[in-house]
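# Chains, contacts and geometry: an overview
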Amino acid sequence: MGTAKIIMYILIIIAIVYALWLVISSYQKTKAIFDEKNQERLRREQSGPLTDFHMHTTYCDGKNSPQEMLEAAIKLKMDAIGFSVHSHLDSEPDWTIASKDMPFYVGELSNMQGDYEPKINVFIGIEQDYWSKPEDCDIEGIEYKIGSVHSLIEEDTRGSSLDDKPEITLACCEKYFDGDIYKMVERYFELVGDLYERTHCEVLGHFDLITKFDELGIDTDNERYINAEKKALEKLSKTPVIFEINTGGMARGYKTAPYPSERVLRYLGEHKIPVIYSSDAHSTDTLLYARDEVKALVEKYDLELVYYPI
């Protein structure tokens, strides 16, 4: 056999080996993609869609822009997100949206809906404070509302805040409730019980926010606390509102468990009142915070978990 033929056979063998390598490599890549998609499908079947409808951006008191939050959500392979800007309050410019910015908020998010629809569903919401004016919240383009109580006195929202600093809330108790912490609790749950009637919200925000600060010394097993809580639950149970299970207090280091308490979750389960997961994220790194813990509570109390508020 001549040298030329030997070289030819060697080249043929090399070509065959290379072709086989290409086939095997292509198969392995295809299989890896298939396996990844299959694993993602199984994960979604087991845990449901990855959604989060309570988050804040630089339009109010969040640290990141809507664009940054959206990109973070895509990296997390989320199915849908909802932005819920804090509704305007004249007395609270530091953490609520300015009225003049509402058209820009709705406009920017509307554009995102069109631009990102193949990758992720974007919803436009608002966290309507109890004291906000309806005209500042009933804006064309808003698709859902979270109703929340952050303070107790309309004329002094800053001095009656439950969500700022414990010393402010304690001073509020002394000034407006004669130092009776449970009188303050009763007022809080009275407002919470009225939230649906007041805002027509789809979602009830952080039901027992008044428990945020340990420094208040509130005993949630106190009879007056339990009675006030129960009245609010009974009133809200007659409405179509969805209760959120909110991990925002956990993410910011104030709580070791979500809002609301397990006693409330038990009530929601027994009365078949739907719940929704909420991170109440104020930054990209707290999206989907403690979602697994919420899933465990949903299973523990046989809760009706929904993934979309509308």
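Structure's up top.
Attention in this report is confined to the structure presented alongside it. Just so it is clear, the model here is predicted, and its values are computed rather than measured.

### Some details on the layout of surface pockets
- Empty space within the largest pocket amounts to approximately 590 Å³.
- Lining of the largest pocket is provided by 29 residues; of these, Asp61, Asp163, Asp164, Lys212 and His282 occupy positions nearest its centre.
- At 3 residues, the largest contribution of residues to the lining of the largest pocket is made by helix α8 (residues 248–251).
- When its residues are assigned to classes, the lining of the largest pocket shows 5 nonpolar, 13 polar and 11 charged.
- The calculated volume of the second largest pocket comes to roughly 330 Å³.

### Overview of the packing of helix α5 (residues 181–193) against helix α7 (residues 223–236)
- Put simply, α5 and α7 touch, their axes get as near as 8 Å, and they point 5° apart. With respect to α7, the element α5 is oriented roughly parallel. In contact with Tyr182, Lys183, Val185, Glu186, Phe189, Val192 and Gly193 of α5, α7 contributes Arg224, Tyr225, Ala228, Glu229, Ala232, Lys235 and Leu236.
- In terms of residue class, the contact of α5 with α7 is made up of 8 nonpolar, 1 polar and 5 charged.

### Some words on the pattern of salt bridges
- On inspection of all chains with the given rule, the structure shows 18 salt bridges.
- We note a salt bridge from Asp180 to Arg224, for which the minimum N-O separation is 3.1 Å. Placement of the pair is Asp180 in the loop between α4 (166–177) and α5 and Arg224 in helix α7, with a sequence separation of 44 residues.
- For Arg224, a relative accessible area of 32% gives the class partly exposed.
- With its nearest N and O atoms 3.5 Å apart, the salt bridge here joins Arg187 to Glu190.

Rules used throughout
- Residues numbered from 1 in each chain as written.
- Predicted model: local features only at pLDDT ≥ 70, side-chain atom pairs only at ≥ 80, totals over all residues.
- Heavy atoms only, no water.
- 1 Å grid on protein atoms, 1.4 Å probe; cavity = no way out; pocket = protein on both sides within 12 Å on 5 of 7 lines; lining within 4 Å.
- Points joined across faces, edges and corners; volume = space filled by probe spheres on them.
- Helix = DSSP H or I, 4+ residues; strand = E, 2+ residues; numbered from the N terminus.
- Nonpolar A, V, L, I, M, F, W, Y, C, P; charged D, E, K, R; others polar.
- Axes fitted to C-alpha atoms, helices over the stretch in contact; angles between N-to-C directions.
- Parallel < 35°, antiparallel > 145°, perpendicular 65-115°, else oblique.
- Contact = heavy atoms within 4.5 Å.
- Salt bridge = Lys/Arg side-chain N within 4 Å of Asp/Glu carboxyl O.
- Buried < 20%, exposed > 50% of the residue type's maximum accessible area, 1.4 Å probe, protein only.

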